[in-house]
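Examination of the molecular architecture
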Amino acid sequence: MSGSSESRYIRLNVISGKNLKVPSQRIPAGIYASINIDSQKRWKSAVGVLSSEESAVWMDTVSLSSDASPVFSVEIRASYEADRMLGSGEVIGQLQMSWDEVLNHGDEPFDLSFPPVRGVHPSLTLKATVVQACDDQDSALFDSLADCEITRHTDAGHTQFAKYVASKTFSHLNAAVEHFELVLDQCPASHPDHAAALTNFAWARLKGYIRNHLQDIDNTISLFRDALALRPQHHPDRPSSLYNLTEALTWRHNKKSTAADIRESAQLYHELLPLCPEGTYLRSIAAGAGADYVIVGCNNLPTDASNEGICLRRVILDLCPLGHRRRPKALDNLSHVLRSRFTQSGNIDDLDECIQFRREAMSLCPEGHTDRDLYLNNLAVSLRFYRFNHQGNPNDLDEAISLHEEALRLRPVGHESRAVSLGNLGGDLVTRFDKRGARDDITRAISLRREALTLRPPGHPRRDTTLSNLALALDTRYNKFNVSEDLNEAIDLYRESLQLAGLDDPERHVTLFNLSSALCSRFTHTRKNEDVEEAIDLCQQSLEALPSLHPDRYFSYMWLQEAYLSRYRVQLNPADLSLAVDNFKLSSRHPTQGLPRRITQAIDWARQAEVYQHESDLEAYQVCLELFDNHVMTRSSIISRREAATAFRRAQSLPVDAASCAIRRGNLPQAVELMEQGRGQQWTPLEDLESTSPDLARKVSELKKRLAGAQGSAGSTDRAAADRAATTYRGLTRQWEAAVAEIRNLKDFSRFLLPPAYEDLQAGARHGPVIILLASKYSCGAIIVPTSGEPHHVPLPSIALADLTILKDRFTRAIRHASRMNPKETRTDLIVLLRIVWEEIMLPIVNVLENVLKLKRRSRVWLCPTAAFTSIPLHAAHPFLTKPDRSKEPCLEDLYVCSYTPTLSALVRSRQLMKKRVTSSFVTIGQGQPGAGKGKALLAVDSELELVHKLVPATASHNTISGDAATRADIPHAEFAFLSACHTAVGDKETPDEVVHLAAGLQFAGFKSVVGTLWEVDDSVAKHVVEAFYKYMFHPKEAGVMDCTKAAWALNCATHSVKTKVPLEQRMVFIHIGV
């Protein structure tokens, strides 16, 4: 286009740019274009975000007069600040142009190409249009190019640094650093550009000097930290500062392998990536090579099962979203630390999450993936070696074997990991044989492990482990079939393994344990003293090899007690029994071993002390219950605490066995305390603490987790590392003890994590004696806790635990039979059983109540049954006898008003809540449709609830819940509940000495008084009991007073009043629990 340019205005559209490579290779905060009219005036576009394709879009427009100058310059610059700019940024490209050159393209967009930068030509897409007038606002778009020393030095620094990057000439680097340092001197801490000046200076040092002066990196990192501190959350330049600091940290990690640097870099990337939108250049660099370096660096860190270590692994997983090629490895590493923490704390949630992540890792590696065999193996190990060993679910074991079978198929002959799969599959088959006794399993296991041994010939670094694995399989077969050749071969293999391992092998102690165990087995068979003496010596060697807080010292103590106990059984030397007990104490109290193993050892200690009548029996039970308390304390729910409690064989009877032991030792108050401690474990003090002092509750929970994490660190094979871990563990222990002491200073928490004191528990008997019925394999009896004074023991010599089990089963059959009978027929079977309950169980107790405690008739009494007693209707005990004067002999409910309580603490708690009573209220719960296989539907529930509604005074606060809502009831401040459903007061057969049933649960949840049912309700006749109950409960109705303490009396009167209408089993079904 030609013609005069006089009085012309040109509208210039700056549309976009591409190939925008920065000469210094530094990541900019943005890119802008500028038009310089003369030495005094210039126009700047907005700062555009650089895309991952190194392009930017502006769509900016400016109107310019061509009168000012026939030529102008166009620049592309990189800005290193998204907020307030320091200087003019770094030049990417610069061109001198005339207006005619611009207008020659007509009204169409055109590309303006600049000199090459790093091999490519940056370009701008522009559009120029002649306009007749200029908006007055255009003048506001121009910046003054006033000379500023800070700007001049900053721009010169960028120019010199870009020249250094291109030429590696140190004179340019020195000049750049000098310019940036002068700027920093003129921008002190209070200056708004201080962060930008720090960053420019630190970046030049990072990319220049420290490559030859490594000591400078620490100072450079400090500069980046200071800049980041000046750019808090939501500051537009925070992403750049985060990235710059990670660059410095990863550079130092690359040179010094500092673990703290790579951990911090991971945390910084975790914050950085969400701040970088998809498609930006910073995102492509940070989420690509930058994050990859951090992920790989963290993957190479040692296992750290502390909270901090697990948090880091979660961060790394977040850096590997779905589709990321490193996600399977990140999942696997997180799984590994969760599994490690599980081995210390026993928290099944950790293990379940570990398995969940390993399943995902396996799913991301389908058939044909090169790493599928690895993730199959890891999932199988978690299922069998950890969860199956902890919970004993046979499905986990079978699935693990199936996974190992697939992994073995993917590792054919010649595969470098075939021996690993052979050993692991063999190990799982050994375990299944041990549980189920299938000879094929152990035969194949030994065959697999023999093949594994052939793949690790003499000289192989893992031959010692493979020898031990084969020995273990042979040892296991010997234990089942007593083939002495198996045992002798196992011992020979263990010896060879020890010889190969060497004295400095970090796992040598494991083979020492196993050989010791095999020698004990042979001693038991042959009675050769040298075997047991060697077994003892081997365990002592293992103790010498392990630091004082190493978790595996637990196994040394465990096998030492086994050796001493084996020798005691043969030689009957009391010193050996004492030494065995000493090692029971050491193993069960070893602080850095996980609680599950310590509990198992304490249970065995109690059992052996009972068998050999050792004086440590009561101490053993105390340790068991203390460890159980610690084990379940941090569980988040009743269900998870129940799972924790049921995971241990022979643990279900601990509370009653402990109480029986205390009785035999002549300490009745302690018997009550132990019973209470053991039976209330699924209702933890942490829940009460959370409502009283949430901060302290969080503090002890966190310390508990940190202690569990520190336990794993103490197992390091590096002596120096183990010593440091031991110091950390002792420090955390002191913090734990201080926190517990602080809690015990709170009101009502003086016994936090201590067994309840008898004096406190006796408050539960304030309104009538509490009768604890103990059903232990060692003795059966009752302890009566009176309103004041010492407890009374009532032996029940004619009843044993086996008798109670039979009696319970007979009741089940008799009640089932009665449900099919005509209501008018005599319940002969039930009468016989209730007479047995009266004569052999309740009559001796009644004699003490009447003759020793002088308890008046119609007084309140509370029954607290345990184990098999919980399934027997004790309240319905009846002599069914007629006196000479033809009057009836009184039954238990004629003599007393009976209630039940799950524990003494529950009664104490309910009475404390009574002092804080609000408006009287109660809830009626009706569940007509039971779960699958749980009994028949109750067709009259809704009509029964309507009947209740009519009988309740209008002045009482009343809630009725039915259907599915009955299982989700949450009624604040409710005092009384009537559970119109089946089996609402029946305990859990897996934990008969725990009190987990709906009625007890409501009491623990704050209900003071609950009526529940022991078995299936026939609602067509039971409604008579319900109607009679409410008539007595609210008598006289006009008073409108609801007193939940009347519920037991009302139920007693109701069952008496409906004898002619309701058959025996439907009167007995209802019981009262609570105040």
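A brief structural summary.

Rules and cut-offs
- Residue positions are given per chain, counted from 1 along the sequence in the order it is written.
- Only residues with pLDDT of at least 70 get local features here, since the model is predicted, and only at 80 or more are side-chain atom pairs given and counted; chain-wide, interface and lining totals rely on the full set of residues.
- With hydrogens and water excluded, all non-hydrogen atoms of the structure serve as input to the side-chain values.
- Comment: elements are numbered from the N terminus, with helices defined as DSSP H or I runs of at least four residues and strands as E runs of at least two.
- Burial classes: relative accessible area under 20% of the type maximum marks a residue as buried, over 50% as exposed, and values in between as partly exposed (1.4 Å probe, protein chains only).
- We call two residues in contact whenever any of their non-hydrogen atoms come within 4.5 Å of each other.
- Shrake-Rupley sampling with a 1.4 Å probe provides the accessible areas, and residues are treated as covered by the protein chains on show and by no other component.
- A pair of strands is treated as paired once DSSP finds two or more bridges between them.
- Here an axis means a line fitted to C-alpha atoms, over the contact stretch when the element is a helix, while the angle between two N-to-C directions is reported on a 0 to 180 degree scale.
- Geometric relationships in this document are graded by angle, where less than 35 degrees denotes roughly parallel, more than 145 denotes roughly antiparallel, 65 to 115 denotes roughly perpendicular, and other angles denote oblique.
- Note that Gly is not counted as nonpolar here; it falls among the polar residues with everything else outside the nonpolar set of Ala, Val, Leu, Ile, Met, Phe, Trp, Tyr, Cys and Pro and the charged set of Asp, Glu, Lys and Arg.
- Ring pairs shown here join Phe, Tyr and Trp side chains whose ring centres sit within 6.5 Å, with only the six-membered ring taken for Trp; geometry is labelled stacked below 30 degrees between planes, edge-to-face above 60, and tilted in between.
- Here, a charge over a ring means that NZ of Lys or CZ of Arg falls within 6 Å of the ring centre while also lying within 35 degrees of the ring normal.
- Given the number of residues in a helix, its expected span is that number minus one, multiplied by 1.5 Å.
- Charged-residue counts in this description rest on Lys and Arg as positive and Asp and Glu as negative, His and the chain ends being excluded.
- We define a salt bridge as a side-chain nitrogen of Lys or Arg found within 4 Å of a carboxyl oxygen belonging to Asp or Glu.
- Nitrogen and oxygen atoms within 3.5 Å of one another constitute a polar contact, given that in protein one can donate a hydrogen and the other can accept it, and given that sequence-neighbouring residues count only through two side-chain atoms.
- In this analysis, a patch consists of residues with relative accessible area above 30% that form no salt bridge, clustered at 9 Å for like charges and at 5 Å for the nonpolar side chains Val, Leu, Ile, Met, Phe, Trp and Tyr.
- Charge placement uses NZ in Lys and CZ in Arg. For Asp and Glu, CG and CD serve respectively.

**Topic: the overall build of the chain**
Along its length, the chain carries 39 helices and 19 strands. Within the chain, buried positions represent 56% of all 1075 residues. Considering only contacts within the chain whose residues lie at least 6 apart along the sequence, 69% involve residues at least 24 apart. For the chain, the exposed surface amounts to about 46600 Å²; the carbon and sulfur share of it is 50%.

**A short note on the sheet that holds strand 4 (residues 56-65)**
One open sheet accounts for four strands, arranged 4-1-8-7; its pairing is antiparallel. Of all strands in the sheet, those with a lone pairing partner are strand 4 and strand 7 (110-113), marking the two edges. Adjacent strand axes in the sheet meet at a mean angle of 30°, parallel and antiparallel pairs treated alike. As defined by bridge partners, strand 1 (residues 9-18) adjoins strand 4 across eight bridges and the pair is classed as antiparallel. Looking at strand 4, one finds that Gly 17 is bridged to Ala 56.

**Thoughts on the packing of helix 14 (residues 418-436) against helix 16 (residues 463-481)**
Packed helix pairs are specified by the crossing angle of their axes together with the interaxial distance, meaning the distance between the axes. At a minimum axis separation of 10 Å, helix 14 and helix 16 run at an interaxial angle of 10°. With respect to each other, helix 14 and helix 16 are oriented roughly parallel. Of helix 16, the residues touching helix 14 (which contributes Val 430, Phe 433 and Asp 434) are Ala 473, Thr 476, Arg 477, Lys 480 and Phe 481. Looking at the contact of helix 14 with helix 16 residue by residue, the class counts come to four nonpolar, one polar and three charged.

**Overview of the packing of aromatic side chains**
For the structure shown, the criterion picks out eleven aromatic pairs. Ring centres 5.6 Å apart and planes at 50° place the aromatic pair Phe 433 and Phe 481 in the tilted group. Taken together, the positions of Phe 433 in helix 14 and Phe 481 in helix 16 put the pair 48 residues apart, joining distant regions of the chain. Since its relative accessible area comes to 29%, Phe 481 is described here as partly exposed. It is Lys 44 that lies over the ring of Tyr 32; its NZ or CZ is 5.0 Å from the centre. The ring of Tyr 164 carries the charged tip of Lys 168 above its face, separated from the ring centre by 5.3 Å.

**Considering helix 14**
Look at helix 14: 27 Å from first C-alpha to last across 19 residues, which is about the 27 Å you get at 1.5 Å a residue. The element helix 14 is extensively covered by neighbouring structure, given that 14 of its 19 residues are classed as buried. At the C-terminal side of helix 14, Gly 437 shows a positive phi close to 75°.

**What to know about the side chain of Arg 1067**
Here Arg 1067 is to be found in helix 39 (residues 1064-1068). Despite its burial, Arg 1067 pairs with no opposite charge, the nearest such side chain being Glu 1065 at 7.4 Å. Looking at Arg 1067, its side chain comes within polar contact range of the main-chain oxygen of Lys 1059, at 3.5 Å. Residues contacting Arg 1067, with those up to four places away along its chain left out, are Thr 1055, Val 1058, Lys 1059 and Val 1062.

**Looking at a positive patch on the surface**
A surface patch of like charges, here positive, comprises Arg 810, Arg 813, Arg 816 and Arg 820. Counting through the fold element by element, Arg 816 comes out in helix 31 (residues 801-819).

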